[in-house]
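Residues per chain, in single letters:
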Amino acid sequence: MKKNKTAMFGLIIMGLFFCLAVLAPVIAPYSPDEISSAGANQPSLQHLFGTDDLGRDVLSRSLYGAQISLTVGVVAVVIALLLGTLAGAVAGYYGGWVDGLIMRMVDVMFAFPSIFLILAIQSMLTPNIYNVMVVIGLTSWMGVARLVRGEFLRIRQLQYVEAARAIGCSDLRIIFRHMLPNAQGPIIVAATLGMAGAILTESALSFLGMGVQPPMSSWGNMLMDSQAYMRDAPWMAIIPGLLIMSTVLSLYFIGEGIRETLSPKERNAGS
Amino acid sequence: MLEVKNLSVNYYVDEGTVNAVAGVSFELKEGEILGVLGESGSGKSTLGFALLRLIDQPGKIVGGEIILNGRDLLLLPENEMRRIRGAAIAMVFQDPFASLNPVLTIGEQIIESIILHQGVKRGEAREKAAEALRAVKIDPARIDDYPHQFSGGMRQRVVIAMALACRPEILIADEPTTALDVTIQAEILSLLRELKAQFNLSIIYITHNFGIIKELCDRVVVMHKGAIVEAGEPGAIFDHPRDPYTKKLVDCLRELR
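What counts and how
- Residues numbered from 1 in each chain as written.
- Chains lettered and ligands numbered in written order.
- Predicted model: local features only at pLDDT ≥ 70, side-chain atom pairs only at ≥ 80, totals over all residues.
- Helix = DSSP H or I, 4+ residues; strand = E, 2+ residues; numbered from the N terminus.
- Buried ≥ 20, exposed ≤ 12 C-beta atoms within 10 Å, placed from the backbone.
- Contact = placed C-beta atoms within 7 Å.
- Pairing = 2+ DSSP bridges.
- Axes fitted to C-alpha atoms, helices over the stretch in contact; angles between N-to-C directions.
- Core = buried A, V, L, I, M, F, W, Y, C linked by C-beta atoms within 7 Å.
- pLDDT = per-residue confidence, 0-100.
- Left-handed = near helix turned anticlockwise from the far one by under 90°.
- Nonpolar A, V, L, I, M, F, W, Y, C, P; charged D, E, K, R; others polar.

> In this structure, what is going on with the overall build of chain A? I would like to understand it.
Secondary structure assignment for chain A yields 12 helices and 0 strands. Tracing chain A from N to C terminus, the helices and strands come up as α-α-α-α-α-α-α-α-α-α-α-α. Over its C-alpha atoms, taken along the principal directions, chain A stretches across nearly 75 × 45 × 30 Å. Counting across all 271 residues of chain A, residues that qualify as buried make up 44%. Counted over contacts in chain A with a minimum sequence separation of 6, partners at least 24 positions apart contribute 69%.

Shown next as structure tokens:
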């Protein structure tokens, strides 16, 4: 991992973004909703990233937006991981009809164009960030489920699982204590990649007006706000666009880095 | 103490039904080492797993009785069977490199079995685990080490410690030395003999190696195609095999020498 420069780069960027998001109230030069100039102004010393059409400071909004976007990403991924891991573990461990049932559910969920599903659910509920997190989580667990199932099918064949059964461990104990820790590598990879996906989905939803609601800022709805002013105030689009892109890219770098570290080619040391 | 009557295990595969164990009956007496001899595919390992009711899909125990101290194990509900596994009957597997969980320390794996079966506190379980390690001649100071920090022979000792931690009456050893060097193999065999004397253990030793059977076992059953074809005292069978299949096995061994 340490030798992997792109992964380290991603890790540094993500670390920086998380710090900035947490420190937003301290370092943001303005309040995110404060109208600090008349209309959209170019980046200047007073407003490093310029101001938006309502005269709000883009830097401050980006910092607070980072809080929202990253929180949505993390929470959605945690929900997807919990669901996906549970479904995949049960399917892979028990096999047979249980496996068939769960994996067909996964197929059905996959077959659904999830963005439309999310839009439909969001239009029925009042769109707020909590719904966004839950809905993204509920529609993105299937990949994790498939992955964990595959790992469990493999690990299930190993003798130490048989040995655990032979000392009288219950199924739950075997699944959570003996098998899950051995599947953690691919799950961590899926988590980083899934977080990138969740942040993108959040941006897309907010862009369509179904996600984080104004005046709260997220990178997605900052992009939406910029649409009408693309020509006159391009910084309004470029800043949040760059932030989304660098976050997603960093997460992909980290995910790939971990995946490489875990690949058998580089894993012969130790076990 | 353990009596197996007419035990049958079938595997239902695409090509049809395979009688992996076909009506096997034998008896294991207290403090005895019983050898189960057979080539790969003779059903000897399946027999071992069946005794603990660890036969997975597509296999199934289709008939017979496994009577341990008067109770038929095949009639027990699964949760009671779990209490038998590891506590009354324990098992040691062929490959010591695969039968320990790489992410748990050896201590955690031994302690787990003790806590599961004896309901003691963690501290006490840890002491008992250290004691179990001492019994298999591994320095108890290494209780917090991970499996990959041990050699093959030592790992097999750890596996044996894990199996014996709850003082089972019966140990099923499924080719426990096949994956090891010959010198280490001899060490493990003498360790098993010692432990047997120390804990009044009965052992079912599954192997394809007549040499080990002759050296270790009080009695032997020879399995071929899922059935027992011959049973008796190893020396006698070695000198005068009656069954043609046993005769072939003995001839092979003679040729090697």
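> Any chance you could explain the sheet that holds strand E9 (residues 219–224) of chain B here in plain terms?
Adjacent strands of a sheet pair through backbone hydrogen bonds, lying either parallel or antiparallel. Residues and elements named next belong to chain B. Taken together, the 6 strands give an open sheet; going across it, the order is E6-E7-E8-E3-E9-E10, and neighbouring strands pair in mixed fashion. With partners counted over all chains shown, the strands left at the sheet margins are strand E6 (89–92) and strand E10 (227–232), one partner each. In this sheet, neighbouring strand axes are inclined to one another by 20° on average, regardless of whether the strands run parallel or antiparallel. Sheet topology places E9 next to E10; 5 bridges connect them, and they run antiparallel.

> Is there a simple way to explain the environment of Val9 of chain B in this structure?
Tracing the backbone shows Val9 of chain B in strand E1 (residues 2–13). Residues Val9 of chain B and Arg134 of chain B lie 125 residues apart in sequence; the distance between their C-alpha atoms is 38 Å.

> Is there a simple way to think about the sheet that holds strand E4 (residues 59–68) of chain B in this case?
All names here are of chain B. Taking strand neighbours across the sheet as the criterion, the 4 strands line up as E2-E1-E4-E5 in an open arrangement whose pairing is antiparallel. A single partner strand is all that each edge strand has here, and the edge strands are strand E2 (16–28) and strand E5 (71–72). Of the strand pairs in this sheet, E1 and E2 are connected by 9 bridges, and their pairing is antiparallel. From the neighbouring strand, Glu3 faces E2, where its bridge partner is Glu27.

> Sorry, what's going on with the nonpolar core here?
Generally speaking, soluble globular proteins have nonpolar side chains that are buried together. In this structure, Ala161, Leu171, Ile204 and Tyr205 of chain B are the most contacted members of the largest nonpolar core, which totals 139 residues. If you tally residues by element for this core, the top one is helix H3 (residues 58–94) of chain A, at 13 residues. With sequence-adjacent residues up to four places away left out, Leu171 of chain B is seen in contact with Ala90, Val92, Ala163, Leu164, Leu201 and Ile203 of chain B.

> Is there a simple way to think about the confidence of the model for chain B in this case?
Detailed reading of predicted coordinates is not advised where the pLDDT is low. All names here are of chain B. For chain B, the mean per-residue pLDDT works out to 90, and 100% of the residues sit at or above 70. Averaged pLDDT values over the elements of chain B bottom out at 81 in helix H9 (residues 244–256) and peak at 94 in strand E8 (residues 202–207). Scoring of the predicted complex yields 0.82 for pTM and 0.85 for ipTM.

> Help me understand the packing of helix H4 (residues 96–111) of chain A against helix H7 (residues 142–156) of chain A in this model?
Each pair of packed helices can be described by the angle between their axes along with the distance between the axes. Residue and element names in this part refer to chain A. Relative orientation of the contacting elements H4 and H7 amounts to 145°, with a least axis distance of 9 Å. Considering how the two elements wind past one another, H4 and H7 form a crossing that is left-handed. Here H4 contributes Met103, Val106, Met109 and Phe110 to the contact with H7, which in turn contributes Met142, Ala145, Arg146 and Arg149. Residues of the contact of H4 with H7, tallied by class, amount to 6 nonpolar, no polar and 2 charged.

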